[in-house]
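Topology and contacts: notes
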Number of protein chains: 4
Amino acid sequence: MFFASDNTGPAHPKVLAALADANEGHVPSYGEDPLTARATALIREAFDAPDAAVHLVATGTAANALLLASLCQPWQTVFCSDVAHVHQDECAAPEFYTGGAKLTLVPHDGGKIRPDRLRARIEGEENRGVHGPQRGPVTVTQATEKGTIYTHAELAAITQLAHGFDLPVHMDGSRFANALAAGGGTPADMTWRAGIDALSFGGTKNGLLGVEAAVQFDPARSWEFELRRKRGAHLFSKHRFLAAQMVAYLEDGLWLQMAADANAACAALARGLSRHPDVRLLYPADANIVFAAWPRGLHRQLLAAGADYHLWEGELDDGPEDEPLTARLVCGFDTTDSEIDRFLALLAAG
Amino acid sequence: MFFASDNTGPAHPKVLAALADANEGHVPSYGEDPLTARATALIREAFDAPDAAVHLVATGTAANALLLASLCQPWQTVFCSDVAHVHQDECAAPEFYTGGAKLTLVPHDGGKIRPDRLRARIEGEENRGVHGPQRGPVTVTQATEKGTIYTHAELAAITQLAHGFDLPVHMDGSRFANALAAGGGTPADMTWRAGIDALSFGGTKNGLLGVEAAVQFDPARSWEFELRRKRGAHLFSKHRFLAAQMVAYLEDGLWLQMAADANAACAALARGLSRHPDVRLLYPADANIVFAAWPRGLHRQLLAAGADYHLWEGELDDGPEDEPLTARLVCGFDTTDSEIDRFLALLAAG
Amino acid sequence: MFFASDNTGPAHPKVLAALADANEGHVPSYGEDPLTARATALIREAFDAPDAAVHLVATGTAANALLLASLCQPWQTVFCSDVAHVHQDECAAPEFYTGGAKLTLVPHDGGKIRPDRLRARIEGEENRGVHGPQRGPVTVTQATEKGTIYTHAELAAITQLAHGFDLPVHMDGSRFANALAAGGGTPADMTWRAGIDALSFGGTKNGLLGVEAAVQFDPARSWEFELRRKRGAHLFSKHRFLAAQMVAYLEDGLWLQMAADANAACAALARGLSRHPDVRLLYPADANIVFAAWPRGLHRQLLAAGADYHLWEGELDDGPEDEPLTARLVCGFDTTDSEIDRFLALLAAG
Amino acid sequence: MFFASDNTGPAHPKVLAALADANEGHVPSYGEDPLTARATALIREAFDAPDAAVHLVATGTAANALLLASLCQPWQTVFCSDVAHVHQDECAAPEFYTGGAKLTLVPHDGGKIRPDRLRARIEGEENRGVHGPQRGPVTVTQATEKGTIYTHAELAAITQLAHGFDLPVHMDGSRFANALAAGGGTPADMTWRAGIDALSFGGTKNGLLGVEAAVQFDPARSWEFELRRKRGAHLFSKHRFLAAQMVAYLEDGLWLQMAADANAACAALARGLSRHPDVRLLYPADANIVFAAWPRGLHRQLLAAGADYHLWEGELDDGPEDEPLTARLVCGFDTTDSEIDRFLALLAAG
């Protein structure tokens, strides 16, 4: 009953096998090897973006911070939701990598940025001449931190708005595979065709050991990205070991299969939760995360029985037994039906 | 005949096996897993440093830059050799991570910093009050970029000098294992007992896929290091996959065995080179790197025959055939006798 | 009828005279001159703070950014009101000088930070371990950007709260003189006795050409401040010309006299405004700034008649004539009764 | 006998008078005032550069650091002489403002950068791909820190070389007036016609209280400069007081008259020094600075007699009486014949 995160589970066996396969002979270092070329080609193909600049890094925060730095001047401000990972969970890495840019927070609605709120925030900046920060890029998370996904139309509305102000749009796609598996369409539809300028294409949360691709659909700043990556100490010497993971991820559709499995598990979990009279779902469980609230007493029982998940709001030990506390539950490609069944059974018996 | 670098070869099979073994079940992320605790314990044990702060990162540049940033204020200057990796090969990562500190270059002598030259450079700074940069940490590379190693006494002379000015000393130990295997003594002798305050303990160049340990012998700034690591986007979520490599590295002395093998190969290579009348060795080949010069024509033949190494100074295509050009040759744990024999035979036949 | 700002008017004639007096002979540069020593002594005396570190700079933003940088690590967040000058009007200078810290915004109440809201924001940070930014200093503006002033008790409540979390408190006192002249008590009462750790002590908005003092009541980081000031290019070579202004400011109570005059003018203006049936005051005009709203048509008449002030919210040219628009009116030491009378007469006749 | 520096003396009385004149009435702040427009126009006219971007700051370090930051990416390196003010005397302000760029030192020859040495340094960088820093701007000081001046041809040789590598050239002209008064030609000849892209046009060392103009001959990055200036806290609110100084400086040729006076004084001083048998001049005293060496005993006598100057190398109290020690002597517009006569008489009598 492991629902704590999609980074606590194992990598997919095929990925490990690919690492072992890659561990043969001598190849050029620092990304000049054939596997890296293959990974780049596969991503360009998957996104129908033959000119895109593609660079691998090992953490999602690196992909986000480096891409944002490539889109943002130090005197600009990044527009993001108030629950964005780049704001809450990266210890100010974007501020560090941009050289001290600001983040302007847009209050989220189900994890998403709404165009009307974004417009208000954009118009609220750069109206004091040289005195205030200047408007910079917009970043959206897909799937969102709340487990919802933007439709293509929702994305297009945001990018259209941003582009109207000459602002580029970045997508934090640490769970892009989950969003795509759920939302349908092609990778291109969900990114550059919807106006996305740069994408952090996640792999770590979806079955890899630790690889993300930073994709710039406009390659004009590709070399700048490489310099920023090196300077940020994110260029791997034995680069084939990043590339091998990404190749295994994309070949044979493994990435979408894993994401679909995780989503299906989450859907089953959410369905079960929604049937319980004391459980309230906070957001549509569009992808592989579900937020739900139920009474403290029930949490106590589930956690005591070995369920592994995070309380998102509220303290287990402090308050009345019937007060609802919010939990976040995350499914991975390896979540099993029996885990879910056991969890739901415990819940029902609670 | 692969002598281009110690980052172009494969990882040791035991390391791959350790990754596979680690790929079981759910464990806490971000370094809270048992394997990370085990890696930390093994490093503390190896260095006889039970209180040392130990943190894993994936690149040597990250270890160097983060440790230097923890030792250096933005208005200080780092003293390093003029061929130091931190100066030449990190795209100014130390400047980035320190927030804009300077590097003051000490002309190297066989890759090493000599105390007299270091003293002159230290005394040359911080003599203009608030106007010039202030003195900051000293960093030495062990084994050096030229393939030599500092004796314990040489290290002690440097650290004594630095500490006399209240300056901490960092060691870039990307090839620490090679230095130790060659230089003898214990890890503690070569580090904190010789006055080293912080160590980048390399693994990547010596058989791992990509792991280095940042070791602070004084743990006072351990939490600061963690914040810097996270903010630099170097904290791995699936941290067990870094830890597993490091555990395999240290268990059963694999690290020293690999280093000893690489060193032995390099010694054989250097011996053979030194016997050739047209070859001149530039520095003592103390560890796993040899710099040597021989005529352009001979280079041409060797490279044409498939030898893989870097010309360090000079252009293959531009100059007289008998002009000596410098090559750098690097051996790894996987360098074979037959590679060396074949290379030396080609050289002899040239 | 000049109410646009307190930085559009002239400096006090005594200050110009002091500059001329200072322009004699050769003195050491970079703050080693007797006038600088005199300025420091006068500030220490005025604040009953014999050990305080005092450094002069030429802009309020420099004082704020340098002091905040001395109180804040790059991975921390500064707590300030959402209308704070450091947030809205410094083009992210605090982010630049701190090396990329965040600002966490506390919704203001009449320009002030309320302890309950501050507590909520403080508790909202540093609850995600290494993943989120760490709590950093609190900064308050006195007088506030809305023209109100904190009572000593209000300040003490904030500093007590902050200190309870081990957070230092900075005061942006660009209009400190106005606050003190209005609020009573001593400079010490309004700063360190109320728990303030560092103060930007303004002069520019109150009759100087351009000088602010950065005061650290705890001098432990005095040298660090000097290095930051130099590195930020804010150390004047001909430092006597900063010091001369500050000496003239403090001698004979000129600073408080000018502030009292400005406050009295503003009080008269606010009184007049409040008597007009179509005018609504937004905040108590505690110091030298008044925010008030009246119909667009009246604005049109006043501005056409030569009144000089800023519309703070709303567009003159776009909307119904009777829609109230907010103006900010600022008085200086040189605001005359006749200006105010004329303005109020025009308003009454509108 | 004040030869310590050109920043220890008074400002020119006309400059003080201009400040007093400017202290009338209300004008827009932050550089929107008529005097600032006038200063800009006068500089453009003086340099025959009608499109140049001109911005005032209060310190030379600010002009240098902001201009370099506008010409340099964080991953680049600035080429400067090893005695450049930007390297030795700005506490790493260029590193701070550029966001962590490097400085690559070119060994000076009489204070100047020689093209051959510059070429070697340029070719020594950016030859390691992404691993090393990239080549950035070249900066020269005119007059140099050693009191020499570049001829127009020497400047053209440097800028031609730099432009051949697509590198822009900045001139630190903190003593530009002295260089021009001595070197002849027009301001345009000595700057953009000789290939200079950006100039720190000094005023502080030549009779102002504290004003420098940052001149970008290509105005493409003018707005960026304004944002950097504001963010660096160098935008003055009461901007007229900077502008008034600069206007007085340029009107009626005051700047060149003051520089010519300082240069003439220095020439007389150097002439006298050169006639003394125990004095050796180190560099041609082209402008207003002379470096000379004479015996310790003579220094002792002169300093005891009240001469005010800096020993540049050597300690007064430690060594034999006849050992020559180097002094730096600087003349200002206000240096008098009698000072020089008295100094030379003391020297002769020594």
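Residues numbered from 1 in each chain as written. Chains lettered and ligands numbered in written order. Predicted model: local features only at pLDDT ≥ 70, side-chain atom pairs only at ≥ 80, totals over all residues. Heavy atoms only, no water.

Turning next to the overall build of chain A. Each helix and strand counted, chain A has 14 helices and 11 strands in total. Rg of the C-alpha trace for chain A: 21 Å, near the compact-globule value of 20 Å for 350 residues, within the 12% margin. Among the 350 residues that make up chain A, the fraction classed as buried is 63%. Nonlocal contacts in chain A, meaning residues at least 24 apart in sequence, comprise 74% of its contacts between residues at least 6 apart. (Helix = DSSP H or I, 4+ residues; strand = E, 2+ residues; numbered from the N terminus. Rg over C-alpha atoms; globule rule 2.2 N^0.38 Å. Buried < 20%, exposed > 50% of the residue type's maximum accessible area, 1.4 Å probe, protein only. Contact = heavy atoms within 4.5 Å.)

The next subject is the relation of the copies chain B and chain A. Superposing chain B onto chain A takes a rotation of 180° combined with a translation of 0.0 Å along the rotation axis, leaving an RMSD of 0.0 Å. Within this description, the copies of the chain are treated as partners about a two-fold rotation axis. Of every C-alpha in chain B, the one belonging to glycine 232 of chain B sits nearest the axis of rotation, 3.6 Å from it. The fraction of interface residues of chain B whose copies in chain A are also interface residues reaches 100%, indicating that both copies meet through the same surface. (Least-squares fit on C-alpha atoms with pLDDT ≥ 70 in both.)

This part covers the packing of helix α11 (residues 240-250) of chain D against helix α12 (residues 254-275) of chain D. Residue and element names in this part refer to chain D. The geometry of α11 relative to α12 is characterised by a closest axis approach of 5 Å and an angle of 70° between their N-to-C directions. Classed by the angle they form, the pair α11 and α12 counts as roughly perpendicular. In contact with Ala248, Tyr249 and Leu250 of α11, α12 contributes Leu254, Trp255 and Met258. (Axes fitted to C-alpha atoms, helices over the stretch in contact; angles between N-to-C directions. Parallel < 35°, antiparallel > 145°, perpendicular 65-115°, else oblique.)

Moving on, we get to the interface of chain D and chain A. The interface is formed by 17 residues belonging to chain D together with 17 residues belonging to chain A. Both faces combined, the contact of chain D with chain A buries some 1600 Å², and carbon together with sulfur accounts for 69% of it. For chain D, the biggest contributors to the area lost against chain A are Trp75, Val130 and Arg231 of chain D; these three give 42% of the whole. Taken together, the links from chain D to chain A amount to 0 salt bridges. Applying the counting rule to chain D against chain A returns 8 residue pairs in polar contact (both at pLDDT 80 or more). Of all the elements, helix α10 (residues 222-231) of chain D adds the most residues to the side of chain D that touches chain A, at 7 residues. Class assignment for the residues of the side of chain D that touches chain A results in 7 nonpolar, 5 polar and 5 charged. (Buried area = accessible area lost by both parts, 1.4 Å probe. Salt bridge = Lys/Arg side-chain N within 4 Å of Asp/Glu carboxyl O. Polar contact = N/O pair within 3.5 Å; in protein donor to acceptor, adjacent residues only side chain to side chain. Nonpolar A, V, L, I, M, F, W, Y, C, P; charged D, E, K, R; others polar.)

With 46 residues of chain B in contact, the opposing surface of chain A contributes 46 residues. Between chain B and chain A, the buried area comes to about 4000 Å², and carbon and sulfur atoms account for 58% of it. Where chain B touches chain A, the interface holds 0 salt bridges. Counting across the chain B and chain A interface gives 30 residue pairs in polar contact (both at pLDDT 80 or more).

For the rest of this paragraph, the subject is the side chain of histidine 12 of chain B. Mapped onto the secondary structure, histidine 12 of chain B falls in the segment before α1 (13-22). Ignoring sequence-local partners within four residues, the contact set of histidine 12 of chain B consists of Gly207, Leu254, Met258 and Phe333 of chain B.

Attention now moves to the pattern of salt bridges. For the coordinates displayed, the defined rule picks out 60 salt bridges over all chains. With a closest N to O distance of 2.6 Å, lysine 102 of chain B and glutamate 95 of chain D form a salt bridge. Placement of the pair is lysine 102 of chain B in strand β3 (residues 102-106) and glutamate 95 of chain D in helix α5 (residues 93-98), with the two residues belonging to separate chains. Exposure class is identical for lysine 102 of chain B and glutamate 95 of chain D. Each is buried. Taken together, the shared-partner salt bridges connect Asp48, Asp189 and Arg193 of chain A into one network.

This paragraph deals with the sheet that holds strand β11 (residues 324-330) of chain B. Residues and elements named next belong to chain B. The sheet built from 4 strands is open, its strands ordered β8-β9-β11-β10 with antiparallel pairing. Edge positions in the open sheet fall to β8 (280-281) and β10 (310-313), since each of these has one partner strand only. Pairing geometry for strand β9 (residues 289-295) and β11, over 7 bridges, is antiparallel. Across the sheet, the residue bridging to isoleucine 289 is valine 330, located in β11. In the packing of helix α12 (residues 254-275) onto the sheet, the strands contacted are β8, β9 and β11, and the crossing angle to β9 comes to about 20°. Where helix α13 (residues 296-304) meets the sheet, it contacts β9, β10 and β11, and its direction lies at approximately 115° from that of β9. (Pairing = 2+ DSSP bridges.)

Next up on the list: the sheet that holds strand β1 (residues 53-57) of chain D. All names here are of chain D. The 7 strands lie next to each other as β1-β7-β6-β5-β4-β2-β3, forming an open sheet whose pairing is mixed. Edge positions in the sheet fall to β1 and β3 (102-106), since each of these pairs with one other strand and no more. Averaged over all pairs of adjacent strands, the angle between their axes in this sheet comes to 20°, without regard to strand direction. As judged from the 4 bridges shared by strand β5 (residues 169-173) and strand β6 (residues 198-202), these two strands associate in the parallel manner. Paired with methionine 171 across the bridge in β6 is leucine 199.

Successive side chains on a regular strand alternate, one facing one side of the sheet and the next facing the other. Residues and elements named next belong to chain B. The buried fraction of β3 is high, at 4 of 5 residues. Relative to β3, strand β2 (residues 76-81) is paired through 5 bridges, and the arrangement is parallel. Along β3, the bridge assignment pairs cysteine 80 with leucine 105.

Moving on: helix α13 (residues 296-304) of chain C. Burial in α13 of chain C covers these residues: Arg296, Gly297, Leu298, His299 and Leu302 of chain C. Of the surrounding secondary structure, the elements contacted by the buried residues of α13 of chain C are β9 (289-295), β10 (310-313), β11 (324-330) and α14 (337-349) of chain C.

Further remarks concern the pairing of strand β7 (residues 212-216) of chain B. Residue and element names in this part refer to chain B. Within β7, 5 of the 5 residues are buried, which leaves the element mostly enclosed by the surrounding structure. Residues Glu212, Ala214 and Gln216 line one face of β7 and the alternating positions Ala213 and Val215 line the opposite face, and both faces are buried. For strand β1 (residues 53-57) and β7, the ladder comprises 5 bridges, and the chain directions are antiparallel. Counted as the bridge partner of valine 54 is valine 215 from β7. Two elements, strand β6 (residues 198-202) and β7, share 5 bridges in a ladder whose sense is antiparallel.

Least-squares fitting of chain D to chain A yields an RMSD of 0.0 Å, with the transformation described by 0.0 Å of translation along the axis and a rotation of 180°. Both copies share a contact surface, since 100% of the interface residues of chain D are interface residues in chain A too.

Nothing here speaks to function; it is all geometry.
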